[in-house]
Amino acid sequence: MNGLLRILSMRFRGYITGSKYIDVCHTKFGYVILHYDPTAGDFAYTPEIIETPEDLLQCLREEIVMDVLQDTEHDLEDATEAELTEIEAITERYMTILEGMKQAV
């Protein structure tokens, strides 16, 4: 399994563990992102197999955007300046950790 995928999963572990909507699992096929709907008590989408670090990173970024905007009526294009700032701050925190880990690989 790609070492960078493992690093991504580990670095975002705090975010993933804190989320009541997603989990990322390692399988023999790659990583799988699970989208859970707590109100329905079931998975919201068919699990996605993630084969590249870039795909995992994009999925996690999208999750951050959805988390920030979930209680609003906004899409990313309609987000307020405060919402965009929050998205950027959360994303940047994980990207900084990731950059440090990539240099160590």
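If you're wondering where the values come from, they're calculated on a predicted model, not measured in any experiment.

**Some thoughts on the confidence of the model for the protein**
Stage number 1. When pLDDT is averaged across the protein, the result is 82; 88% of the residues are at 70 or more.
Stage number 2. For the protein, helix α1 (residues 3-11) is the element with the lowest average pLDDT, namely 71, and strand β3 (residues 42-43) is the one with the highest, namely 90.

**Structural notes on the nonpolar core**
Stage number 1. In terms of nonpolar packing, the biggest core is built from 22 residues, with Phe12, Ile16, Val24 and Leu60 touching the most fellow members.
Stage number 2. Within the residue set of this core, elements represented by two or more residues are α2 (13-18), β1 (22-27), β2 (30-37), α3 (53-69) and α4 (81-104).
Stage number 3. For this core, the leading source of residues is α3, giving eight residues.
Stage number 4. Excluding anything up to four places from it in sequence, Phe12 contacts Leu57, Leu60, Ile64 and Tyr94.

**Quick look at the environment of Leu8**
Stage number 1. Here Leu8 shows up in helix α1.
Stage number 2. Taking C-alpha positions, Leu8 is 7.5 Å from Leu56, a pair spaced 48 residues apart along the chain.

**Quick look at the pairing of β2**
Stage number 1. Counted residue by residue, β2 has six buried out of eight residues, so it is predominantly covered.
Stage number 2. Between the antiparallel neighbours β1 and β2 lie two residues.
Stage number 3. Where β2 and strand β4 (residues 48-50) come together, three bridges link them in antiparallel fashion. Within β4, the position partnered with Ile33 by the bridge is Glu48.
Stage number 4. Here β2 pairs with β3 via two bridges, running antiparallel. Residue Asp37 lies in a different strand from β3, and its bridge partner there is Asp42.
Stage number 5. Linking β2 back to β3 in an antiparallel pair, the connection comprises four residues, with Gly41 at a positive phi of about 70 degrees.

**What to know about the pattern of salt bridges**
Stage number 1. Scanning the model with the defined rule gives one salt bridge in all.
Stage number 2. A salt bridge links Arg13 to Asp23, with the shortest nitrogen-to-oxygen separation between them at 3.7 Å. Linking Arg13 in helix α2 with Asp23 in strand β1, this pair joins segments that are 10 residues apart in sequence.

**Comments concerning the layout of surface pockets**
Stage number 1. The space that makes up the largest pocket amounts to roughly 200 Å³.
Stage number 2. Tyr21, Ile22, His35, Tyr36, Asp37, Pro38, Ala44, Tyr45, Glu63, Met66, Asp67 and Gln70 are the residues that line the largest pocket.
Stage number 3. Of all elements in the fold, only β2 and α3 reach the threshold of two or more residues within the lining of the largest pocket.
Stage number 4. Residues belonging to the lining of the largest pocket are distributed by class as follows: seven nonpolar, two polar and three charged.

**Describing the environment of Ile7**
Stage number 1. For Ile7, the location among the structural elements is in helix α1.
Stage number 2. For the pair Ile7 and Pro53, spaced 46 residues apart in the sequence, the C-alpha separation amounts to 9.0 Å.

Quick notes on the rules
- Residues numbered from 1 in each chain as written.
- Predicted model: local features only at pLDDT ≥ 70, side-chain atom pairs only at ≥ 80, totals over all residues.
- Heavy atoms only, no water.
- pLDDT = per-residue confidence, 0-100.
- Helix = DSSP H or I, 4+ residues; strand = E, 2+ residues; numbered from the N terminus.
- Core = buried A, V, L, I, M, F, W, Y, C linked by side-chain atoms within 4.5 Å.
- Buried < 20%, exposed > 50% of the residue type's maximum accessible area, 1.4 Å probe, protein only.
- Contact = heavy atoms within 4.5 Å.
- Pairing = 2+ DSSP bridges.
- Salt bridge = Lys/Arg side-chain N within 4 Å of Asp/Glu carboxyl O.
- 1 Å grid on protein atoms, 1.4 Å probe; cavity = no way out; pocket = protein on both sides within 12 Å on 5 of 7 lines; lining within 4 Å.
- Points joined across faces, edges and corners; volume = space filled by probe spheres on them.
- Nonpolar A, V, L, I, M, F, W, Y, C, P; charged D, E, K, R; others polar.

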